[in-house]
Structures are given as structure tokens and as C-alpha cells.
Amino acid sequence: QVQLVESGGGLVQAGGSLRLSCVASGRTFSDYAMGWFRQAPGKEREFVARIRTSIPYYADSVKGRFTISRDNTKNTVYLQMNSLKPDDTAVYFCAADRGYGWTRSKAAQYDSWGQGTQVTVSS
């Protein structure tokens with residue numbers, strides 16, 4: 001497994017932006033697809049975005065507002081979040097997946113998880 005540590009969460013007003021980072025260690029980072037999930041209080045963990053090489057895949061709820069990217073030289077995956085809404089409030093988790101499907105979006109398909117970072121969007 002790979003160890004993952006997220007950072008970059010915080011409190012932001014609606015319409016604002018945040019950039020989350022997730023640093024990986026322990027395995028060859030480029031061997032993994034990386035994903036972002038989020039979980040709001042009382043709700044199930046939901047898929048946000050995924051990237052394996054350079055082709056991203058997004059949940060419909062964030063398409064056009066969020067951008068996932070990765071830097072294999074830094075073992076880091078990013079989530080740039082723009083035009084944030086109160087509904088985006090959640091704990092955001094990064095996750096690593098050895099699978100090759102472009103649209104793998106089920107939490108059970110991911111092998112390793114970070115501890116999460118809180119994102120709160122005020123109205």
C-alpha cells in the first residue's frame with residue numbers, strides 16, 4: 001500500500017477557491033491512479049475526481065469547477081476547487097487505486113486512503 005497525507009483544507013466563502021494536495025509515499029506513485037472523494041456529515045463517501053496518467057474523470061457535481069492534476073516528480077496529486085458552494089462542504093480524502101479503468105469511482109476499488117482534510121464553504 002501507499003501512504004497518503006492530504007493538506008490544504010479550510011474555511012472559504014461561497015464562490016471562493018481552495019487547492020488540496022495529497023503527498024504519497026511508500027510505493028511507486030506513478031503505478032497508481034489517484035482519486036479524490038468527499039464525505040459530508042450523515043452522508044456516504046462520494047466520488048469527486050480521478051486521474052491515472054493525464055486524463056481526468058469527474059463527478060457531474062464538480063465538472064467545470066474542480067480540476068485534478070498530478071506531479072509524479074513530487075508524488076503529489078492536487079485538487080483545485082473553484083466556484084465553491086456550501087454543498088461542497090465535506091471532509092475530502094485522497095485515495096490510490098492500482099486498477100486501470102478510466103472511470104473507477106467506487107470507494108471499494110481504492111486500496112489506500114489518507115486521513116482527510118476538512119473543507120467548509122460558508123454562504
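Here we summarise the structure given alongside this text. Sequence order as written defines the numbering, with residues in each chain counted from 1. Reporting of local features is limited, given that this is a predicted model, to residues whose pLDDT is at least 70; pairs of side-chain atoms are given and counted only at 80 or more, and all residues count toward the totals for whole chains, interfaces and linings. To obtain the side-chain values, all non-hydrogen atoms of the structure were used and water was disregarded.

Notes on the side chain of Thr117
Each helix is a run of DSSP H or I of at least 4 residues and each strand a run of E of at least 2, with the numbering of both proceeding from the N terminus. Topologically, Thr117 is positioned in strand E11 (residues 117-122). With a relative accessible area of 10%, Thr117 lands in the buried category. Only 3.2 Å separates the side chain of Thr117 from the backbone nitrogen of Gly9, close enough to count as a polar contact. Burial classes follow relative accessibility: with a 1.4 Å probe on protein chains only, a residue under 20% of its type's maximum area counts as buried, one over 50% as exposed, and anything between as partly exposed. We call two N or O atoms a polar contact when they sit within 3.5 Å, provided that within protein one can donate a hydrogen and the other can accept it, with sequence-adjacent residues counted only if both atoms are side-chain atoms.

Brief notes about the pairing of strand E3 (residues 18-25)
Where a strand is regular, its side chains alternate between the two sheet faces. At least two DSSP bridges between two strands are required for those strands to pair. Inspection of the sheet shows strand E1 (residues 3-7) paired to E3 by five bridges, in the antiparallel sense. Among the inter-strand pairings, Gln3 is bridged to a residue of E3, identified as Ser25. With six bridges joining them, E3 and strand E8 (residues 76-81) adopt antiparallel strand pairing. In the sheet register, Leu20 faces E8, and the bridge partner there is Leu79.

Digging into the state of the cysteines
When two cysteine sulfur atoms are found within 2.5 Å, that pair is recorded as a disulfide. Under the criterion given, the structure shown has one disulfide. Disulfide pairing is shown between Cys22 and Cys94; the S-S distance is 1.9 Å. Taking the sign of the S-S torsion, 45° for the link of Cys22 and Cys94, the bridge is right-handed. Taken together, the residues Cys22 in strand E3 and Cys94 in strand E9 (residues 90-97) connect sequence positions 72 residues apart. Given a relative accessible area of 0%, Cys22 falls into the buried group.

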